[in-house]
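# A look at the structure
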Amino acid sequence: MTFRFVRLFCLLLMLACALPQAVRAAEGVVEITDPRIEAAEEGYRLKASYAFDLSHGLEDALQYGVPVSFTTEITFTRPRWYWFDEKAVTARRTYRLYYDVLTRQYHVKIVGSVQQTFESLDDALFFIRRPTRWVVAARGVLKVGETYNVTLSMGMDRDYLPKPIQVNALNNRDWTLASQKRTFQYRAE
């Protein structure tokens, strides 16, 4: 009797641990892993990676030529005891992913910057999930020695969708892909 109870308990524990991951994948959640700020000569760079999967609805839309955009937003705030927190830096970067039906290639464009071509969707998504270090603030913008709260979020940006699809995207869970805001502290160097 006790052995059956222990086995049942272990089975339920394993299911309970696996359930949040399955729900996260079904809900379209982006996980931000290992975010860091690095000081460089040209400024402060963000190093982070993202874990997410596209829903079947998003993959189908890509195959029919609908571009999908992903936006990363970062904010540096400095806490103040006497007033609201001071927003020192706010930056956004958008990656636009689309499929060219004629050439059968995927294109990823960093809005306002470069574009790259990929043979497979996995390669294109790898480029978005593991972006290059992005300069989020110039040197001298952050006060050296001060501690800043850094808030980072990433997700699919519905504003870049064609207008008829934007209406559908509001009511469809397949078109929802976003992260929780991730906050960490950084001491400016």
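One can find the structure itself at the top, above this paragraph.
Summarised in this report is the structure supplied together with it. Along each chain, numbering runs from 1 in the same order as the chain's sequence is written. Only residues with pLDDT of 70 or above have their local features reported here, since the model is predicted, and side-chain atom pairs are shown and tallied only from 80 upward, although totals for entire chains, interfaces and linings are computed over all residues. Side-chain measures here rest on the full set of heavy atoms in the structure, leaving out hydrogens and waters.

### Some points on the pattern of salt bridges
The working definition used for a salt bridge is a side-chain nitrogen of Lys or Arg within 4 Å of a carboxyl oxygen of Asp or Glu. Under the counting rule described, the total for this entry stands at eight salt bridges. Here Glu-73 and Arg-92 are joined by a salt bridge, their closest N and O atoms 3.2 Å apart. Separated by 19 residues along the polypeptide, Glu-73 in strand 3 (residues 68–78) and Arg-92 in strand 4 (residues 86–100) bring together distant segments of the chain. Buried residues are those whose accessible area, probed at 1.4 Å on protein chains only, stays under 20% of the maximum for their type, while exposed residues exceed 50% and partly exposed ones sit between those limits. Given a relative accessible area of 49%, Arg-92 falls into the partly exposed group. Between Arg-78 and Glu-146 there is a salt bridge, with the nearest N and O atoms lying 3.8 Å from each other. Of this pair, Arg-78 sits in strand 3 while Glu-146 sits in the loop between strand 7 (134–138) and strand 8 (147–156), and the two are 68 residues apart along the sequence. Using a relative accessible area of 14% as the deciding quantity, one classes Arg-78 as buried. Connected via shared salt-bridge partners are Glu-73, Arg-92 and Asp-157. Numbering of helices and strands runs from the N terminus; a helix is a DSSP stretch of H or I covering at least four residues, while a strand is a stretch of E covering at least two.

### Description of the pairing of strand 1 (residues 29–39)
Relative to strand 9 (residues 178–179), strand 1 runs parallel, the two sharing two bridges. Bridge pairing links Val-29 to Ala-178 in strand 9. Strand pairing is defined by DSSP finding a minimum of two bridges between the two strands. Sheet analysis places strand 1 next to strand 2 (residues 43–51), joined by seven bridges and oriented antiparallel. Within the sheet, the bridge partner assigned to Ile-32 lies in strand 2 and is Tyr-50. Hairpin connection of strand 1 to strand 2: three residues between the antiparallel strands.

### Concerning the pairing of strand 3
Among the 11 residues of strand 3, 10 are classified as buried, and the element is accordingly described as predominantly covered. Direction of pairing for strand 3 relative to strand 4: antiparallel, over a ladder of 11 bridges. Of the residues in strand 4, the one forming a bridge with Thr-75 is Thr-90. As paired elements, strand 3 and strand 8 share eight bridges and run antiparallel to each other. Its bridge partner being in strand 8, Ile-74 is matched across the sheet by Leu-152.

### Quick notes on the packing of aromatic side chains
Between the rings of Phe, Tyr and Trp (Trp by its six-membered ring), a pair exists once the centres lie within 6.5 Å; its type follows the angle of the planes, with under 30 degrees stacked, over 60 edge-to-face, and the other angles tilted. For the structure on display, the rule yields eight aromatic pairs. On the numbers, 6.5 Å between centres and 80° between planes, the contact of Phe-76 with Tyr-148 is edge-to-face. A residue pair is termed long-range when its members are at least 10 positions apart, and Phe-76 in strand 3 and Tyr-148 in strand 8 qualify at 72 residues. Summarising the burial analysis for this pair, Phe-76 and Tyr-148 share the class buried. Among the aromatic residues, those joined into a ring-pair cluster are Tyr-95, Phe-118 and Phe-127. For a ring to carry a charge above it, either NZ of a lysine or CZ of an arginine must fall within 6 Å of the ring centroid while also lying within 35 degrees of the normal to the ring plane. For the cation-ring pair, Arg-129 lies above Phe-52, with the distance from its terminal atom to the ring centre recorded as 5.1 Å.

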